Amino acid sequence: MRVVVVWTVSTLTMLVLAGILPDFRLQSPDGDSITKTAFTAAWGAGAFGLLSALVWPVLVRALLVVPALVLGLLVFFLNGSLLLLALRLIPDGRGAADPQTAVVVAAVMSAVASATSTALAVRDDDAYRRRLSRLADRRRRRSGADHGRCGPPGMVFIQLDGVGHDLLARAADADLMPTVARWLADDGGHRLAPWRTDWSSQTGASQLGILHGTNHDVPAFRWYEKETGDVMVSSRPASALELQRRAIARTRDGGLLAVDGASCGNLFSGGADQLALVLSMAARRGRGRRSRAGYFAYFSDPANAVRTALSFVAEVCREIGQSTRARIRKETPRIRRGGLYPFIRAFATVVERDVVVAAVIGDMFAGRTAVYADLVAYDEVAHHSGPHSRDAEKLLARLDRSLALIAKVAEHTPRRYRIVLLSDHGQSPGETFAGAYGLTLKDLVRAGCGLPVSRRAQRTRSGSEARDAVRIALHRRPAEEGEAEHRAEPSDPVVLASGNLGLVSFPDIEGRASREQLDRSRPALLGTLANHPGIGFLLVRSERHGSVVLGGAGAEIPVSELRDGEGPLAPFGPGAAAAIRRTDTFPHVADIMVNSTHDASTGTVHAFEEQIGSHGGLGGAQSRPFLLWPTDLSAPVADGCELVGAEQVHKVLRRWLRECAEPTAPPAPSRWTQASSTAARSAADRSARTGALRAAGGADGAGARDAVQDADGAGAGGVAGRTDGAGAENTAGDADGAGGAVPAVG
């Protein structure tokens, strides 16, 4: 019945477009009766739907080498080509259209079919559940592991990038995130607790520690390595791959996801065999294509491409409107949000979210044992709009809809899943260092070294992961940090920013520079930095006292004697001293580590780059992410203890994976796990997984219905464009951001 309705609507759409567009006809040159014209439209709509279902996935897979964003645009032209082919199949040559008109007609038909399919699915929950159960049963029979849902459960780890513990709790209390609120309110649901990051409170350090068990020698988001002259940047594929290699060499372990795992939208693979948009894999030629498999699975449905494109445009317009409103209202703090930023934001909040959530759904239907995914939308918006802004709050609501979809799908997957939410860091608000004091950290360092300083403060480029992710999606190299420094002389300092953490290195000094060396060669530098009102403290090596922390008014404390809440560390809360001591042991710690001031009463810091919501150093909510887990798993730590460091979070997640496997197979993988793992890698299962992925488009909840409809083979997509039903509001431009809800990195 649903197929007939969607076919009928597609036919009517084609008739309407033929009456509106002068270069699109469904009649012979001599004219036809209404009945014959309607028959022609029905034939064309059916042929277009069948071609989309059968030919489209093959075309898109062949184009996987094309840059991801280019693929999204190319979808429209390929879709138009399929429509032209469908029109040529109409008897007696009654259908014809110009190529540019065919693109428009194909896009409109895919969008209308998607909206119609969703409208029907919303009103048929029972049928939706039957389809889900039917798909799960078919998959179990194909794998030969028809044990029902009584086997060991899998785990889905969803990382909400940049969402702090207190922020999540407030959002749940205010009903901004009703799914999270429901989990917390249910006695048998989930529990929420904070954990504390290392000094480097950013995705590179935290996610490396969580996925690979160590973040040793990751002092910041970016840092300078003297022995090679390279600047390591966590969001650069070559750097991410090297960090992953170093972590594996140190731990001698593949990672959290090494056993039948999937990694989606992350900086690192975690040892997973199934990869989608994993940044470190983008640096590997040959195998690098695997990291873009999520783009294929998503854009192989033309309706997904249409909806995501409309949502992308809507998000660009939304950002332009919000930034304009902020300027008119003279909101402070405020940074520039023009140039390419609206498109970068739309990529992070629409494309990445859509593709990553679709990949998670596909991995769940494939029965993967462990899935880890990163949703970066909130982090990107909070950097530029502020972590407590109205813009950022709306992103939380949209992320909650993605969580609701994943939870709904988990009710019908071949195996049970336990869903764990976590974040890698929070964000601390505050005016930028340059905005507050009229000069950048680099300007201040150069002034302290007696070097010329520009009269006009220069902007420090933001360290957003999304910016580099867009460049990777376009197959372009990320900007080289070393080139950005433009050092005129070898003795010029290299000054890098990582949120409110600054790193100063001197290439002309071999090894780690000492305080005594700097006092001899640059006598005013350390005093200039330590006494600046925007700087909280410095870390520098001393030949006489070991490493020392310097603060204002001549404060100097050996690292071994640091105490939380005392001296320069007074505003930074518990754990600051231990975090500094650990970082001081890293081989690539900078010559001078600079942390901005922190106002404990307001939670504000001063980022050394263009961000009014920042993370990377010490101070405020940035160091206090969250962990939310099902109550049937053991507590992360004993009562009264605190979970500290990403490496400890890794151990907790490892323990939970063991707890899920132990009921049926304590020492080795169970027969069910082995069978499902084999099936997940078989050609038939990959084909079925791709079907679910393609149709899992909208993360607003409605898309799940059509995800199953499509994968089950009975979907309207077989007739009218592989519909995925992400919602009429999605095809209309995603007015509130819910549309196209499924979009990483790379």
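To be clear, the structure that these remarks concern was listed above.
These figures come from a predicted structure and were not determined experimentally.

Rules of the game
Residues numbered from 1 in each chain as written. Predicted model: local features only at pLDDT ≥ 70, side-chain atom pairs only at ≥ 80, totals over all residues. Heavy atoms only, no water. Helix = DSSP H or I, 4+ residues; strand = E, 2+ residues; numbered from the N terminus. Buried < 20%, exposed > 50% of the residue type's maximum accessible area, 1.4 Å probe, protein only. Contact = heavy atoms within 4.5 Å. Axes fitted to C-alpha atoms, helices over the stretch in contact; angles between N-to-C directions. Parallel < 35°, antiparallel > 145°, perpendicular 65-115°, else oblique. Left-handed = near helix turned anticlockwise from the far one by under 90°. Nonpolar A, V, L, I, M, F, W, Y, C, P; charged D, E, K, R; others polar. Salt bridge = Lys/Arg side-chain N within 4 Å of Asp/Glu carboxyl O. Phe/Tyr/Trp six-rings, centres within 6.5 Å; stacked < 30°, edge-to-face > 60°. Pairing = 2+ DSSP bridges. Polar contact = N/O pair within 3.5 Å; in protein donor to acceptor, adjacent residues only side chain to side chain.

Draft legend 1. Spotlight on the side chain of Ser-269. Mapped onto the elements of the fold, Ser-269 is located in the loop between β7 (261-264) and β8 (274-276). On the basis of relative accessibility, which here comes to 5%, the residue Ser-269 falls in the buried class. With sequence-adjacent residues up to four places away left out, Ser-269 is seen in contact with His-212, Gln-244, Leu-257, Ser-263, Leu-275, Val-278, Ser-280 and Met-281.

Draft legend 2. Quick peek at the packing of helix α9 (residues 203-212) against helix α23 (residues 646-661). With their axes 7 Å apart at the nearest point, α9 and α23 run at an angle of 30 degrees to one another. As summarised for this structure, α9 and α23 are arranged roughly parallel, according to the angle between their axes. Judged by the sense of rotation from one axis to the other, the crossing of α9 with α23 is right-handed. Across from Ala-205, Ser-206, Gly-209, Ile-210, Leu-211 and His-212 in α9, the residues of α23 making contact are Ala-646, Glu-647, Val-649, His-650 and Leu-653. Looking at the contact of α9 with α23, its residues break down into six nonpolar, four polar and one charged.

Draft legend 3. The pattern of salt bridges, seen in detail. In the structure shown here, the tally under the stated rule is 28 salt bridges. We note a salt bridge from Asp-166 to Arg-624, for which the minimum N-O separation is 3.4 Å. A residue pair is termed long-range when its members are at least 10 positions apart, and Asp-166 in helix α7 (residues 165-173) and Arg-624 in the loop between β20 (613-614) and β21 (626-630) qualify at 458 residues. You can call Asp-166 partly exposed: its relative accessible area is 36%. Residue Asp-591 is joined to Lys-226 by a salt bridge in which the shortest nitrogen-to-oxygen separation is 2.9 Å. Of this pair, Asp-591 sits in the loop between α22 (576-584) and β17 (592-596) while Lys-226 sits in the loop between β5 (222-225) and β6 (230-233), and the two are 365 residues apart along the sequence. Given the relative accessible area of 23%, Lys-226 is considered partly exposed. Salt bridges sharing common partners tie together Glu-315, Arg-318, Glu-319, Arg-325, Arg-337, Arg-345, Asp-391 and Arg-398.

Draft legend 4. Seen up close, the packing of aromatic side chains. Per the stated rule, a full pass over the model turns up seven aromatic pairs. Measuring from ring centre to ring centre gives 6.0 Å for Phe-157 and Tyr-372, while their planes differ by 35 degrees; the resulting arrangement is tilted. You can see Phe-157 sitting in strand β3 (residues 154-160) and its partner Tyr-372 sitting in strand β9 (residues 370-375), a full 215 residues away along the chain. Judged by relative accessible area, Tyr-372 falls into the buried class, the value being 0%. With a centroid separation of 6.1 Å and 25 degrees between ring planes, the pair formed by Trp-629 and Trp-656 is classed as stacked. Note that Trp-629 is positioned in strand β21 and Trp-656 in helix α23, a separation of 27 residues in sequence.

Draft legend 5. Summary view of unusual backbone geometry. Omega for the bond connecting Thr-332 with Pro-333 falls within 30 degrees of zero, at -5 degrees, which places this linkage in the cis form. Despite not being glycine, Asp-260 has its phi angle at roughly 55 degrees, a positive value. Tracing the backbone through its elements, the reader meets Asp-260 in the loop between α10 (237-251) and β7. In this structure, Leu-277 takes a positive phi of about 60 degrees despite not being glycine.

Draft legend 6. Here's a closer look at the pairing of β21. In terms of burial, β21 is a largely internal element, five of the five residues being buried. Inspection of the sheet shows strand β10 (residues 417-422) paired to β21 by two bridges, in the antiparallel sense. The residue of β21 that forms the bridge with Leu-421 is Leu-628.

Draft legend 7. Representation of the side chain of Thr-13 within the structure. Among the structural elements, Thr-13 can be located in helix α1 (residues 2-20). In this structure Thr-13 comes out as buried when scored by relative accessible area, which is 12%. Only 2.8 Å separates the side chain of Thr-13 from the backbone oxygen of Val-9, close enough to count as a polar contact.

Draft legend 8. Structural view of helix α14 (residues 377-385). Among the nine residues of α14, nine are classified as buried, and the element is accordingly described as predominantly covered. Looking only at α14, the buried set comprises Ala-377, Tyr-378, Asp-379, Glu-380, Val-381, Ala-382, His-383, His-384 and Ser-385. A positive backbone phi angle near 105 degrees is found at Gly-386, which sits one or two residues after α14.

By themselves, these figures tell us nothing about what the structure is for.
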